[in-house]
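Chain by chain, the residues:
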Amino acid sequence: MQTTPKPRRGTKGARTRERILDSAMELFSRSGFYAVSLRDIAAHAGMTHAGLLHHFPGKDELLIQVLTRREELAAEQTLTGDSDPERLLERHLDQLTWNMRTPGLVGLFVKVSGEASDPAHPAHDYFVQRYRRLRKGTARLLRVLFERASPPIAHDPDAVAQQLLALVDGLQTQWLLDPDEVDMRASVVTYLTQLGLDLDDRPQP
């Protein structure tokens, strides 16, 4: 699965680091963390093992940098400077559409997050904190939307946030397996509508 190419810029060292991260992202998403070696990543990036170690002395650190890049790319799709809850929800739905254009990134998340359920995995703490942050932020957004609804929606925002994240994760796996039959955005919109949210959802280009 290929990731979306990104423009190269900055110093030679920065461009080399980007090339390494691109290669690691693709290989981790294809084979998982444990099956990929630093030598594999170096070969894929067209450089020596020693050259890679100059930029990333260990595979654990490289994995965290790859996951951080995925978060940054996803954040670029949702950050608008707009704090309006309805607008924020729309941007999060837009991110699902963006995810469907980047199978490499989705594959990376699905593969590595499953492995990271092992407490010994280097990304275990990363994912624990990530889900805590997402549950909290999603529940905060849902609480406002539920209170604004007419009539107000009585669902527990914390429980719904947990369910919503589980839905998205499950949809990502199904979509990777059968992309022509699974529309992640449409499925999430259906779920939120069934909860009682009035979504003015428009088809995305």
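For the structure, see preceding data.
The following refers to the structure shown. On a predicted model such as this, the values are computed, not experimentally measured, just so you know. (Residues numbered from 1 in each chain as written. Predicted model: local features only at pLDDT ≥ 70, side-chain atom pairs only at ≥ 80, totals over all residues. Heavy atoms only, no water.)

## Examining the packing of aromatic side chains
1) Next: Overall, the coordinates contain four aromatic pairs when judged by the stated rule.
2) Next: Arranged with centres 5.6 Å apart and planes meeting at 45°, the rings of Phe28 and Phe33 form a pair that is tilted. A single burial state applies to Phe28 and to Phe33, both of which are buried.
3) Next: Centroid distance Tyr126 to Phe127: 5.3 Å. Interplanar angle 85°. Geometry classified as edge-to-face. You'll find Tyr126 and Phe127 in the same group, each marked buried.
4) Next: Taken together, Phe28, Phe33 and Tyr34 form an aromatic cluster joined through their ring pairs.
5) Next: In this structure, Lys59 packs its charged tip against the face of Phe33, placed 4.2 Å from the ring centre.
6) Next: If you follow Arg130 out to its NZ or CZ, it ends over the ring of Tyr131, 5.6 Å from the centre. (Phe/Tyr/Trp six-rings, centres within 6.5 Å; stacked < 30°, edge-to-face > 60°. Buried < 20%, exposed > 50% of the residue type's maximum accessible area, 1.4 Å probe, protein only. Lys NZ or Arg CZ within 6 Å of the ring centre and 35° of its normal.)

## Some points on the packing of helix α8 (residues 157-177) against helix α9 (residues 184-195)
A pair of packed helices is characterised by two quantities: the angle between their axes and the separation of those axes.
1) Next: Between α8 and α9, the least distance of the axes is 10 Å, while the angle of their chain directions is 155°. The pairing of α8 with α9 is recorded here as roughly antiparallel in orientation. With respect to the hand of their crossing, α8 and α9 are arranged in right-handed fashion. Of α9, the residues touching α8 (which contributes Val160, Gln163, Leu164, Leu167, Val168, Leu171, Gln172 and Trp175) are Met184, Ser187, Val188, Tyr191, Leu192 and Leu195.
2) Next: A class-by-class count of the residues in the contact of α8 with α9 yields 11 nonpolar, three polar and no charged. (Axes fitted to C-alpha atoms, helices over the stretch in contact; angles between N-to-C directions. Helix = DSSP H or I, 4+ residues; strand = E, 2+ residues; numbered from the N terminus. Parallel < 35°, antiparallel > 145°, perpendicular 65-115°, else oblique. Left-handed = near helix turned anticlockwise from the far one by under 90°. Contact = heavy atoms within 4.5 Å. Nonpolar A, V, L, I, M, F, W, Y, C, P; charged D, E, K, R; others polar.)

## Considerations on helix α5 (residues 85-99)
1) Next: Given a rise of 1.5 Å per residue, 15 residues ought to cover 21 Å, and the 21 Å separating the end C-alpha atoms of α5 matches this to within 8%.
2) Next: Considered for burial, the residues of α5 that qualify are Pro85, Leu89, Arg91, Leu93, Asp94, Gln95, Leu96, Thr97, Trp98 and Asn99. (Expected span 1.5 Å × (residues − 1).)

## A few points about the packing of helix α1 (residues 12-31) against helix α6 (residues 103-115)
1) Next: Between α1 and α6, the least distance of the axes is 7 Å, while the angle of their chain directions is 55°. With respect to each other, α1 and α6 are oriented oblique. Crossing hand, α1 versus α6: left-handed. Residues Met25, Phe28, Ser29, Arg30 and Ser31 of α1 lie in contact with α6, whose contacting residues are Gly104, Leu105, Gly107, Leu108, Lys111 and Val112.
2) Next: Among the residues forming the contact of α1 with α6, the class breakdown is five nonpolar, four polar and two charged.

## Focus: the nonpolar core
1) Next: Grouped together as the largest cluster of nonpolar side chains are 30 residues, with contacts concentrated most on Phe28, Ile41, Leu52, Leu62, Val66 and Phe127.
2) Next: Top element by residues in this core is α1. It accounts for six residues.
3) Next: In this view, Phe127 contacts Leu67, Phe109, Val112, Ser113 and Ala116; residues no more than four positions away in its chain are not counted.
4) Next: Judged by nonpolar contacts, the second largest core, of 25 residues, contains Leu96, Phe146, Leu171 and Val189. (Core = buried A, V, L, I, M, F, W, Y, C linked by side-chain atoms within 4.5 Å.)

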